[in-house]
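Structural overview for review
As a plain string of letters, each chain reads:
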Amino acid sequence: MTAGASRSIAWLALTVAAALAGCASPRSAHDTDIVTAANGIAPASCPAGVAPASRCWTGGDGHGATVWLAVPPGWEGTLVVHAHGGPELGPPKPERAEQDLKRWSIWTRAGYAYAGSGFRQGGVAVVSAAEDTERVRRIFVARFGAPRRTVLHGQSWGAGVAAKAAERFDGGRPYDAVLLTSGVLGGGAASYDFRLDLRVVYEAVCANHPLPGEPGYPLWQGLPRGSALDRAELGRRVDTCTGVDRKPEARSDEQKRRLATLLGVVRIPERSLKGHLAWATWHFQDIAFERLGGRDAFGNEGVRYAGSADDVALNAAVARYRVDPSARADFDVDAGLAGRILVPVLTLHAIDDPTAFVELESTFHDIMVGGGSVDRLVQVYTADHEHSYLADAEYVAAMRELLDWVERGGKPTPASIAARCAGLDPAFDPGKGCRFLPGYRPAPLASRVPAR
């Protein structure tokens, strides 16, 4: 019997024994609420896409979040703890954690166990989500014992959550490495300044959010409390102004002009205009009222907007707001990053990401420099055009190179990750992955978003 086969059988035996016993109680998961939550996790049918013959469990984490755990057959002891994107608004949705296991089922098909939380609190609350992420890790440990390796994976907004968790819970090194994909990694309010730019430029161009007959409000609020506006109505207003839902030939000349102004000044792709405007509405409402007590974390004093047919007229028309320094500081306490991560970190980002600009990676690099962790950072880029999911082979290549870094100490390079992917491509969506660009370096965020 090979050493690898022996490890596989040993870890599988540990998993089965722990599941039958109901709960293991290692020192890292001794808290009563964690043990209680672990005991309450119930077996469940695995979502579609999870590795065949895997075993799954779901239940509450004891603090209001739903969690899902999955262990593939022949598990060799690596656990991936997942922090999901979003954020979701409103009360927690139990189905969210299941949806994420389904979306990220590649981890089970690559041989790794999975633990993910749906988060207990809706809204732009990073520290809360980081605590939920650490809690689901501890629940897994209480149920199955300590994994051989634990990798913290954050996707999109969840990349900021994962980075925050890695900074906050570094005592005892619960995580061996961190993988951040398509990350919103600008650190706090700086990640969202461009959405205030979108709101003020949109209103100057379209004048329908709010409509002239509606009560006015400062656009950094996103939307007043109690507003009846819904996403369908906002979508109709955007289409009325820009024709974005129509074929280009069906748009009026005025709609074409307005759309070109918005996209040229704010520098977002047409396909993400409605999404960003919705986030700049309801996410900003959540930040203003639920996080900051009605205070303003976003401003645009001194910003000069460029890219329209008449920049002088545009800059005279846009609303101007002054940041409340205490509000921005408080928001950055929750969502900002210190760049102090004590384990290897690998980021993966599509250069044409329509949601989280690739230039955010440049800011994250600077954050890691400031925190003294840049020597533990590798950043890789792909020629993909998506945000929510890239390609199985790309994710598995990144993960395996990251784990090799942990195990063997050799820091991977963008070229080595690309080569690893090429060898994996036949096994993971053949012909669809491996679009790495080893020589790519993103421009500074200020090249796309006017600096404050």
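Described below are features of the structure shown in this document. Fair warning: this is a prediction, and the values are worked out from it, not measured in the lab. (Residues numbered from 1 in each chain as written. Predicted model: local features only at pLDDT ≥ 70, side-chain atom pairs only at ≥ 80, totals over all residues. Heavy atoms only, no water.)

Structural notes on the layout of surface pockets
Let me state the cut-off plainly: A cavity here means a set of points on a 1 Å grid, drawn over the protein atoms and nothing else, where a 1.4 Å probe fits but cannot get out; a pocket is an open set with protein on both sides within 12 Å along at least five of seven lines, and a residue lines either one if it has an atom within 4 Å of a point. Grid points are joined across faces, edges and corners, and a volume is the space filled by probe spheres set on the points. Under the scheme used here, helices are H or I runs from DSSP no shorter than 4 residues and strands are E runs no shorter than 2 residues, and both carry numbers assigned from the N terminus. Under the grouping applied here, Gly and all other residues not named as nonpolar or charged are polar, the nonpolar ones being Ala, Val, Leu, Ile, Met, Phe, Trp, Tyr, Cys and Pro and the charged ones Asp, Glu, Lys and Arg.
Of the voids in this model, the largest pocket is the one considered here, and its volume is about 410 Å³. As for the largest pocket, its lining consists of 24 residues, of which Gly85, Gly86, Ser156, Trp279 and His387 are closest to the centre. Counting only elements with at least two residues in the lining of the largest pocket, the list comes to helix H3 (94-103), helix H7 (193-206) and helix H10 (273-291). When residues of the lining of the largest pocket are assigned to their parent elements, the largest contribution, four residues, is made by H3. For the lining of the largest pocket, the class distribution of residues is nine nonpolar, ten polar and five charged. Here the second largest pocket is characterised by a volume of approximately 350 Å³. Looking at the lining of the second largest pocket element by element, the count peaks at five residues for helix H14 (residues 392-408). Residues that form the lining of the second largest pocket fall into these classes: five nonpolar, four polar and seven charged.

Section: the environment of Ala306
Locating Ala306 in the fold gives a position in the loop between H10 and helix H11 (311-317). Along the sequence, Ala306 and Gly431 sit 125 residues apart, while their C-alpha atoms lie 40 Å from each other.

Things to note about the environment of Val200
Rules: Here, two residues are considered to be in contact whenever any of their heavy atoms come within 4.5 Å of each other.
Take Val200: it is sitting in helix H7. Setting aside anything within four residues of it in sequence, one finds Val200 in contact with Leu219, Asn300, Tyr305, Val318, Ala319 and Tyr321.

Some words on the packing of aromatic side chains
Threshold: Only centres within 6.5 Å qualify two rings of Phe, Tyr or Trp (six-membered ring in Trp) as a pair; their planes then separate them into stacked at under 30 degrees, edge-to-face at over 60, and tilted for everything else. Relative accessible area decides the class of each residue, using a 1.4 Å probe on protein chains only: under 20% of the type maximum gives buried, over 50% gives exposed, and in between gives partly exposed. Whether a charge sits over a ring comes down to the Lys NZ or Arg CZ being within 6 Å of the ring centre and within 35 degrees of the ring normal.
All told, the structure shown has 15 aromatic pairs when counted by the stated rule. Measuring from ring centre to ring centre gives 4.8 Å for Phe140 and Phe144, while their planes differ by 55°; the resulting arrangement is tilted. Separated by four residues within a single helix, Phe140 and Phe144 lie in helix H5 (residues 126-144), roughly one turn from each other. Residue classification places Phe140 among the buried residues on the basis of a relative accessible area of 0%. Take Phe144: its relative accessible area is 0%, and that puts it in the buried class. Three or more aromatic residues joined by ring pairs make a cluster, and in this case those are Trp104, Trp107, Tyr112, Tyr389 and Tyr395. Above the plane of the ring of Tyr175 lies Arg137, whose end atom (NZ or CZ) is 5.8 Å from the centre. In this structure, Arg448 is placed above the aromatic ring of Phe357, and the distance from its NZ or CZ to the ring centre is 3.9 Å.

Quick look at the packing of helix H2 (residues 32-40) against H5
Counted only if it meets this: For helices, the fitted axis covers only the stretch in contact; all axes are lines through C-alpha atoms, and the angles between them, taken along N-to-C directions, range from 0 to 180 degrees. Comment on the angle field: the value is read as roughly parallel under 35 degrees, roughly antiparallel over 145, roughly perpendicular from 65 to 115, and oblique elsewhere. A clockwise turn of the near helix away from the far one marks a right-handed crossing, whereas an anticlockwise turn of less than a right angle marks a left-handed crossing.
Contact geometry of H2 with H5 gives a least axis separation of 8 Å together with a crossing angle of 70°. The orientation of H2 relative to H5 falls into the category roughly perpendicular. Crossing angle aside, the handedness with which H2 passes H5 is right-handed. Here H2 contributes Ile34, Ala37, Ala38 and Asn39 to the contact with H5, which in turn contributes Arg135, Arg138, Ile139, Ala142 and Arg143. Of the residues belonging to the contact of H2 with H5, the class tally is five nonpolar, one polar and three charged.

Some words on the pattern of salt bridges
Put simply, the rule is: For this analysis, a salt bridge means a side-chain nitrogen from Lys or Arg found within 4 Å of a carboxyl oxygen belonging to Asp or Glu.
Enumeration over the complete set of coordinates arrives at 33 salt bridges. Put simply, Asp61 and Arg135 hold a salt bridge, and the shortest N to O gap is 3.5 Å. Placement of Asp61 in the loop between strand E2 (55-60) and strand E3 (66-71) and of Arg135 in helix H5 is noted, with a sequence separation of 74 residues between them. We note that Asp61, like Arg135, is buried. Here Glu233 and Arg237 are joined by a salt bridge, their closest N and O atoms 2.9 Å apart. Within this pair, Glu233 and its partner Arg237 are both found in helix H8 (residues 231-242), separated by four residues, close to a single helical turn. Glu233 sits in the partly exposed class, given a relative accessible area of 24%. Shared partners join several salt bridges into a network, and the residues in it are Asp61, Arg120, Glu131, Asp132, Arg135 and Arg168.

Describing the nonpolar core
Soluble globular proteins: nonpolar side chains tend toward being buried together. For clarity, the cut-off: Grouping buried Ala, Val, Leu, Ile, Met, Phe, Trp, Tyr and Cys residues that are joined through side-chain atoms within 4.5 Å yields what is termed a nonpolar core.
If you look at the biggest cluster of nonpolar residues, it comprises 94 residues, and the most contacted ones within it are Phe140, Leu180, Val201, Phe298 and Phe331. If we ignore the near neighbours within four places in the chain, the residues touching Leu180 are Gly154, Ala159, Ala162, Ala163, Leu185, Val345, Leu346, Thr347, Leu348 and Phe364. Membership of the second largest hydrophobic core comes to 37 residues, among which are Trp104, Val378, Val380 and Ala418.

Re helix H15 (residues 414-424)
Threshold: To obtain the arc, one takes the directions from the helix axis to the C-beta atoms.
The set of residues buried in H15 consists of Pro414, Ile417, Ala418, Cys421 and Leu424. Down the axis, H15 shows its buried residues gathered within 120° of arc, on one side only. Away from the buried face of H15 by more than 90 degrees, exposed residues Ala419, Ala422 and Gly423 are located. Taken together, the buried residues of H15 touch strand E8 (345-350), strand E9 (377-382) and H14.

Let's talk about the state of the cysteines
Test applied: Note on terminology: pairs of cysteine sulfur atoms within 2.5 Å are recorded as disulfides.
In this structure the tally under the stated criterion is three disulfides. One disulfide bridge connects Cys46 with Cys56, the sulfur atoms lying 2.0 Å from each other. Disulfide Cys46-Cys56: the torsion about the S-S bond is 110°, which places it as right-handed. Here Cys46, found in the loop between strand E1 (42-44) and E2, pairs with Cys56, found in strand E2; they are ten residues apart in sequence, far enough to count as distant. One disulfide bridge connects Cys206 with Cys241, the sulfur atoms lying 1.9 Å from each other. As the torsion about the S-S bond is roughly -70°, the Cys206-Cys241 disulfide counts as left-handed.

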